[in-house]
Amino acid sequence: SLHNMGGADTWPIVAISYVYLRKNLTSLGDRACLLKAFLEYIISDEGQALLPAYDAVGVPAEVKAIAQAAINSLVMPTCTAWTFENSTTMQGTGQKDHVISEKRRDIAEYERSTLEASLATLSSRIALLEQTKMTLLDGSGTTNPSKFFWEVISLFEARARPPVKVTYRAVGSGTGQYEFIGTDNGFLPISQDFGSGDIPITASDYQALKGAGHEIIHYPFQMGAMSIFHNVPGMPKSGAGALNLTACVLAKIFKREIKTWDHSEIKALNPSLNAPAGQDIKVYHRVQGSSTTGGVTTYLHASCPSVWTADLVGSTIAWPADTYEAYGSGEMSSKLSSIPYSIGYIDSGHGHADGLTEIALENKAGTYRTSLEAGAAGIRAAGTEAIAAGVMPPSPLNDFSAVSLHNMGGADTWPIVAISYVYLRKNLTSLGDRACLLKAFLEYIISDEGQALLPAYDAVGVPNEVKSIANTALNSLVMPACTAWSFEGSSTMAGTGQSDHVISLKRRDYAEYDRGQLKARTVEYKENAKIQALEATIAQLTQQLAELKQKESSHETTEDKGKDNNNALGVAAIAMATPALAVSVAAMLVTLRIMNMASAARAGGGAGAQMIGSPQVAGTPVSAGVPPLDDDTAKGSAQEI
């Protein structure tokens, strides 16, 4: 019995197999010599090497010695012994009788060995492919964060090792929800790893998914303002003198209860408004379903329910017959910019980028603000206030259907705010390796680096209170057995950064690098244009100052002296303006100098940054016609000022 033998590494339950023989084989005749050859082969190195393929182990040398002693003790009849020809050819002898030759084969044995070799090769290739395979990830939903998602996707595809391929299909919140919920697909997503939308999943869909055994998550990651814009000639685009409206007056305008710009309720809020008598207000609205329509109508109902009733809330509503349609944000912007005395709504960033004139709305605290005046802080405040008021649940697993960031409290809070979500299933085990890539994607979009990308796309990052909900979502995901991705930032992770499943800031592709240079070049051109405009203004004011001084010295009469008093006022005004402009130019020159120094530092390696990575910023390039701002240039400009 070979069970429970001694030895530190000895396995305690072991079986050993035997061939049973009679010592005297004379009665077997020629069979005896063939049996002896068989016994010799199965304890040879070649024979023993076959055993592992059948989950067995060859005997150790000490046991092999017993087997060899058995062979030597056999009593053999008169028969011809068999010999073996191996890989070394035995010319002449190998072809004789009673030779077992490796050189002889049958087709079955040959094909088996070929198949075994092919399988071994395939296994090796599969192992290699497993190490270098491309992980895929697919999402669909709202168009609002699409450009932000596409930039993140571009960064991931350039930075990831092994390679990844991520797609995001911008089709709107409604389609994103439909493909995520999968009502017609047994409540399974339709070829989608994640969905996205600017509106929460409805209570009925939430309950239906829960009833089908699917816990879902709302993952908040960005916020944006929606605004009301108009085209009343002569009004400022924002700030002091902007057109003021309350939610109730705006509701009456959209319902066509107030039809003219000189209506008493509008004039009461804007005494200085100078509109032609009886000038019609041309109301434009979106069609074919719009999250912006949903946001604006929700705000109107929340702020003035007596005028804007619940039946008028939604992404598609019944508008009065004498209002005008706009297909998409692009057409809305086009109509508002080209048609005098029109009014409509669009996301704030889009409207301001197109130069539209914004209406200052009254928020819940009674403060009139445009979205520009409220700024990012005023937009984020809506999220903070929503959590404080219990409007937004603390757990991402809860029902979010009642969440609305419209008309939140706070003196500077912007009243029409949308928040965008990634829709997720809590249990991601069915996604396999995709699950770990999806988690890395989610981690990145709420990281400091990811959130810093949003303003370029007219969006605002979420406040810390909302980010806490997103982090809770990450921690609650049920993950499969997959390798987690890590991030290499500006601090080099020697060795580790070159490992698999690392998204490294040090990896870039040329397209992303070139885009960074183009962005930097655009900023430089704009800054140079501003400086040139200011320098031209200073030159013009300096000339006017010299002319006024000359006039002052040449007039002697009382009448002239009276005129000189007016000239003196002009001289004083110019004298005050000139230093201010000079300071502005100096500040811009210093700013450009700092930008160039920072660019040079980044090109040389830069300083440390956050663990997750740091925003990619290409060095400020020196382009034709725009010389670099070196020390001499800066000194010369300062001396001229």
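Residues numbered from 1 in each chain as written. Predicted model: local features only at pLDDT ≥ 70, side-chain atom pairs only at ≥ 80, totals over all residues. Heavy atoms only, no water.

1. Overview of the overall build of the protein
At step 1: Within the protein one finds 19 helices and 18 strands.
At step 2: Taken across its 641 residues, the protein has 40% of its residues classed as buried.
At step 3: Put simply, of all contacts in the protein between residues at least 6 apart along the chain, 72% involve residues at least 24 apart.
At step 4: Surface accessibility of the protein: about 33400 Å² in total, with carbon and sulfur atoms responsible for 56%. (Helix = DSSP H or I, 4+ residues; strand = E, 2+ residues; numbered from the N terminus. Buried < 20%, exposed > 50% of the residue type's maximum accessible area, 1.4 Å probe, protein only. Contact = heavy atoms within 4.5 Å. Areas by Shrake-Rupley, 256 points an atom, 1.4 Å probe, with all protein chains shown as cover.)

2. Let's talk about the pattern of salt bridges
At step 1: Applying the stated criterion across every chain, the model contains 16 salt bridges.
At step 2: Here R434 makes a salt bridge to D138, at a shortest N to O gap of 3.4 Å. You can see R434 sitting in helix α14 (residues 433-445) and its partner D138 sitting in strand β3 (residues 135-141), a full 296 residues away along the chain.
At step 3: Overall, D138 belongs to the partly exposed group, its relative accessible area being 23%. (Salt bridge = Lys/Arg side-chain N within 4 Å of Asp/Glu carboxyl O.)

3. Focus on the nonpolar core
At step 1: Counting residues in each nonpolar core, the largest one holds 61 residues, and the members touching the most others are I228, I253, F254, I343 and M392.
At step 2: With six residues, the single largest contributor to this core is helix α8 (residues 247-254).
At step 3: With residues near it in sequence (within four places) discarded, M392 still touches A386, I387, F400, V403, L405, I419, Y421, V466 and I469.
At step 4: Among the nonpolar cores identified, the runner-up in size contains 41 residues, and F148, Y168, L397 and L424 belong to it. (Core = buried A, V, L, I, M, F, W, Y, C linked by side-chain atoms within 4.5 Å.)

4. As for helix α11 (residues 328-338)
At step 1: Along α11, the residues classified as buried are S329, M332, S333 and L336. Along α11, the residues classed as buried sweep out an arc of 95° about the axis, all on the same side. (Arc of directions from axis to C-beta.)

5. Description of the packing of aromatic side chains
At step 1: By the definition in use, this model includes 21 aromatic pairs.
At step 2: Judged by centre distance (6.2 Å) and plane angle (70°), the ring pair of F254 and Y345 falls under edge-to-face. A residue pair is termed long-range when its members are at least 10 positions apart, and F254 in helix α8 and Y345 in strand β11 (residues 342-347) qualify at 91 residues.
At step 3: A network of ring pairs unites the aromatic residues F148, F149, F156, Y168, F194, F221, F441, Y444 and F487 as a single cluster.
At step 4: For R425, the ring lying beneath its charged end belongs to F180, and the centroid distance is 4.7 Å. (Phe/Tyr/Trp six-rings, centres within 6.5 Å; stacked < 30°, edge-to-face > 60°. Lys NZ or Arg CZ within 6 Å of the ring centre and 35° of its normal.)

6. Some details on a nonpolar patch on the surface
At step 1: Judged by side-chain polarity, L34, F84 and I100 come together as a nonpolar surface patch covering roughly 230 Å² of accessible area.
At step 2: Among the structural elements, F84 can be located in strand β1 (residues 83-85).
At step 3: The exposure class assigned to F84 is partly exposed, which follows from its relative accessible area of 31%. (Patch = residues over 30% accessible without salt bridge, like charges linked within 9 Å, V, L, I, M, F, W, Y side chains within 5 Å.)

7. Description of the confidence of the model for the protein
At step 1: Put simply, the protein has an average pLDDT of 85, and 85% of its residues get 70 or more.
At step 2: Counting contacts from residues 597-641, a segment whose pLDDT is below 50, to residues more than four positions away or on other chains yields 70 contacts. (pLDDT = per-residue confidence, 0-100.)

8. A few points about the pairing of strand β7 (residues 216-230)
At step 1: In terms of burial, β7 is largely enclosed, as 15 of its 15 residues are buried.
At step 2: Here β7 pairs with strand β12 (residues 357-358) via two bridges, running antiparallel. Bridging from a neighbouring strand, H230 pairs with T357 of β12. (Pairing = 2+ DSSP bridges.)

9. Side note on the sheet that holds strand β8 (residues 244-245)
At step 1: Here we have three strands laid out as an open sheet, ordered β8-β13-β14, and mixed in their pairing. Edge positions in the open sheet fall to β8 and β14 (368-369), since each of these has one partner strand only.

10. A look at the side chain of Q177
At step 1: Structurally, Q177 can be placed in helix α6 (residues 173-181).
At step 2: Here Q177 falls in the buried class, since its relative accessible area comes to 8%.

11. Some thoughts on unusual backbone geometry
At step 1: Here the residue pair R161 and P162 is connected by a cis peptide bond, since its omega of 0° sits within 30 degrees of zero.
At step 2: You can see P162 is positioned in the loop between β4 (160-161) and β5 (164-170).
At step 3: The backbone phi angle of N4 is positive, close to 60°, even though this residue is not glycine.
At step 4: Along the polypeptide, N4 turns up in the segment before α1 (30-42).
At step 5: You will see that N407, though not glycine, has its phi angle at about 60°, which is positive.
At step 6: In this fold, N407 is placed in the loop between α13 (371-388) and β15 (417-425).

12. Focus: the sheet that holds strand β17 (residues 486-488)
At step 1: In spatial order, the strands read β4-β18-β17; together these three strands make up an open sheet with mixed pairing. Because the sheet does not close on itself, it has two edges, and the strands there are β4 and β17.

13. Side note on the state of the cysteines
At step 1: Taken as a whole, this structure holds three disulfides when the rule is applied.
At step 2: In this model C436 forms its disulfide with C482; the gap between the sulfur atoms is 2.0 Å. With the S-S dihedral at roughly 80°, the linkage between C436 and C482 falls on the right-handed side. With C436 in helix α14 and C482 in the loop between α16 (464-476) and β17, this residue pair connects regions lying 46 residues apart in the sequence.
At step 3: Judged by relative accessible area, which is 8%, C436 ranks as buried.
At step 4: Ordering the disulfide-forming cysteines of the protein by sequence position, one finds them joined as 1-2, 3-4, 5-6. (Disulfide = S-S within 2.5 Å.)

14. Looking at the side chain of S173
At step 1: By the element assignment, S173 lies in helix α6.
At step 2: Note on S173: relative accessible area 8%, which makes it buried.
At step 3: S173 has contacts with G141, T142, S196, G197, D198 and I199, leaving out every residue within four places of it along the chain.

15. A closer look at the packing of α13 against α16
At step 1: Interhelical geometry of α13 versus α16 gives an angle of 70° and a closest axis separation of 8 Å. Judged by the angle between their axes, α13 and α16 are roughly perpendicular. Seen from α13, the contacting residues are G383, T384 and I387; seen from α16, they are E465, V466 and I469.
At step 2: A breakdown of the residues in the contact of α13 with α16 according to their chemical character gives three nonpolar, two polar and one charged. (Axes fitted to C-alpha atoms, helices over the stretch in contact; angles between N-to-C directions. Parallel < 35°, antiparallel > 145°, perpendicular 65-115°, else oblique. Nonpolar A, V, L, I, M, F, W, Y, C, P; charged D, E, K, R; others polar.)

16. Observations regarding the packing of helix α5 (residues 146-159) against α14
At step 1: Where α5 contacts α14, the axes come no closer than 11 Å and their chain directions differ by 120°. In terms of orientation, α5 and α14 fall into the oblique class. Relative to α14, the crossing made by α5 is right-handed. Contacts between α5 and α14 involve F148, F149, V152, I153, L155, F156 and R159 from the first element and L437, A440, F441, Y444 and I445 from the second.
At step 2: A class-by-class count of the residues in the contact of α5 with α14 yields eleven nonpolar, no polar and one charged. (Left-handed = near helix turned anticlockwise from the far one by under 90°.)

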